[in-house]
Amino acid sequence: MLNIDLHCHSNISDGVLPPAQLVERAAMRGVEILALTDHDDIAGLAEARQMAEAKSITFINGVEISVSWRGRTLHIIGLDIDPAHAPLVEGLTAIRAGRAQRAENIALELEKVGIPDSLAGAYAHVGERRLIGRTHFARFLVEQGYAKDVKSVFKKYLVKGKPGYAAHEWASLSDAVDWICGSGGQAVIAHPARYDLGKNVLSDLLDEFCALGGSALEVVTSSHTPEQMQHFAHHAKNRNLLASCGSDFHGPGESYFDLGQLPEFPHGCTPVWHHWKNNMAAERINPLIT
Ligand code: AMP
Ligand code: MN
Ligand code: MN
Ligand code: MN
């Protein structure tokens, strides 16, 4: 069984390690096929690919796009995208442009509960200023002693109904899927259990996602309990969707799964790489179909 990890972050977005170091860590941990999926940015792909080649890891171009859907934020992963596809590049540029304003709004909200200077504090943790996000605020709050670690911050701050939350409008679901598919990639709903959708709303989302040309559900992820992995494997099967897997690694000590440290798919899943024919990963996964 190949070690495949199709979801992780470098410091181009809210990961801790620069792309090359992230790939080195993946190689050390036995990953054989890796996708880098930074939030709303593809600027780390070239550096990551170069290190992947040096380490004989098969590299998949990826991205994790922030989407607003029915008043909620969803994350849609693009796998095997073309980073030169103009609508994708322009779309991501537009999403990133909103992050600076949202960061100011978050800082204002934190100030209301007596936490000053969080904007500068969050920017001190950012690799790329344009990708300022909630994780950078979370790291600032940990540093200031408001919580013991990043996970704990999100129980008390930065989420709907808690201090430091600022609503924001991201890309539409249809644009995100179009950019990904238009660039030759596959669209994957990241960590579907995280959205806490009821049965009917989930069904609507899957209807819409399939109609738009989406390919897969992320079934195996550090955000899911074993029961949730079973649950979404079942949905994938019912909808003829493929199943993806990824650690969602952000940094040593910050993530539930380290790179390449993933449980196997629940029985009956068809992996997202099943139809890969035209990329380097296909040669490694199934030499017979290339
Ligand atoms: P943003 O795209 O700026 O809204 O930030 C979203 C990021 O915040 C996610 O990708 C995670 O890295 C982090 N995050 C959100 N919720 C949690 C949570 N409950 N625990 C840990 N990290 C979280
Ligand atoms: Mn993140
Ligand atoms: Mn995510
Ligand atoms: Mn992620």
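As the structure is a computational prediction, the values presented were derived from the model and not from experiment.

With respect to the site of ligand 1
Around ligand 1 lies a shell formed by Asp14, His39, His75, Arg99, Arg102, Gly133, Arg134, Thr135, Phe154, Arg194 and His250. Here threonine 135 contributes a side-chain N or O atom positioned 3.2 Å from an oxygen atom of ligand 1. Notes on ligand 1: free accessible area 500 Å², of which the protein chains cover 81%. Considering only residue class, the shell around ligand 1 consists of one nonpolar, five polar and five charged. Counting contributing residues, the shell around ligand 1 receives three or more from each of domain 1 (4-91 + 173-246) and domain 2 (95-155).

Focus: the packing of helix α1 (residues 19-28) against helix α2 (residues 45-54)
Contact geometry of α1 with α2 gives a least axis separation of 8 Å together with a crossing angle of 35°. Taken as a pair, α1 and α2 cross one another with a handedness that is right-handed. Touching Pro19, Ala20, Val23 and Glu24 of α1 are Glu47, Ala48, Met51 and Ala52, all from α2. Tallied by class, the residues present in the contact of α1 with α2 amount to six nonpolar, no polar and two charged.

Examining the domain arrangement of the chain
Domain parsing of the chain yields domain 1 (4-91 + 173-246) and domain 2 (95-155). If you average the C-alpha positions of domain 1 and of domain 2, the two centres end up 24 Å apart. If you look at the interface, domain 1 gives 14 residues, while domain 2 gives ten residues. Carbon and sulfur atoms make up 45% of the area that domain 1 and domain 2 hide from each other, which totals about 990 Å². By the criterion of area lost to domain 2, the three top residues of domain 1 are Asp14, Asp40 and Asp41, representing 43% of everything that side buries. Here aspartate 41 makes a salt bridge to arginine 130, at a shortest N to O gap of 2.9 Å. Taken together, the connections running from domain 1 to domain 2 amount to seven residue pairs in polar contact (both at pLDDT 80 or more). Per-class residue counts for the side of domain 1 that touches domain 2 are five nonpolar, six polar and three charged.

About the criteria used
- The residue numbering used here restarts from 1 in each chain and proceeds along that chain's sequence as written.
- Written order determines the labels here, with chains lettered from A and ligands numbered from 1.
- Residues qualify for local features only when their pLDDT is at least 70, as the model is predicted, and side-chain atom pairs are given and counted only at 80 or more; totals for whole chains, interfaces and linings, by contrast, use all residues.
- Calculated side-chain values reflect all of the structure's heavy atoms, with hydrogen atoms and water omitted.
- For this description, a residue counts as near a given molecule or strand if any of its non-hydrogen atoms is within 4 Å of it.
- Polar contacts here mean pairs of N or O atoms no more than 3.5 Å apart (in protein, one a potential hydrogen donor and the other a potential acceptor; neighbouring residues in sequence count only if both atoms are side-chain atoms).
- Each accessible area value is a Shrake-Rupley result obtained with a 1.4 Å probe; residue values ignore everything except the protein chains displayed when judging cover.
- Polar here means any residue outside two lists: the nonpolar Ala, Val, Leu, Ile, Met, Phe, Trp, Tyr, Cys and Pro, and the charged Asp, Glu, Lys and Arg; Gly therefore counts as polar.
- The source of the domain bounds is an automatic or database domain assignment.
- Between N-to-C directions, angles cover 0 to 180 degrees, with each direction set by a line fitted to C-alpha atoms, over the stretch in contact for helices.
- Numbered from the N terminus, helices here are DSSP runs of H or I no shorter than four residues, and strands are runs of E no shorter than two.
- For a crossing to be left-handed, the near helix must be turned anticlockwise from the far one by less than a right angle; the clockwise case is right-handed.
- Residues count as neighbours in contact if any of their non-hydrogen atoms are within 4.5 Å of one another.
- Values labelled buried area give the accessible surface lost by two parts on being combined, using a 1.4 Å probe and summing over both.
- The rule for a salt bridge is simple: a side-chain nitrogen of Lys or Arg has to be within 4 Å of a carboxyl oxygen of Asp or Glu.

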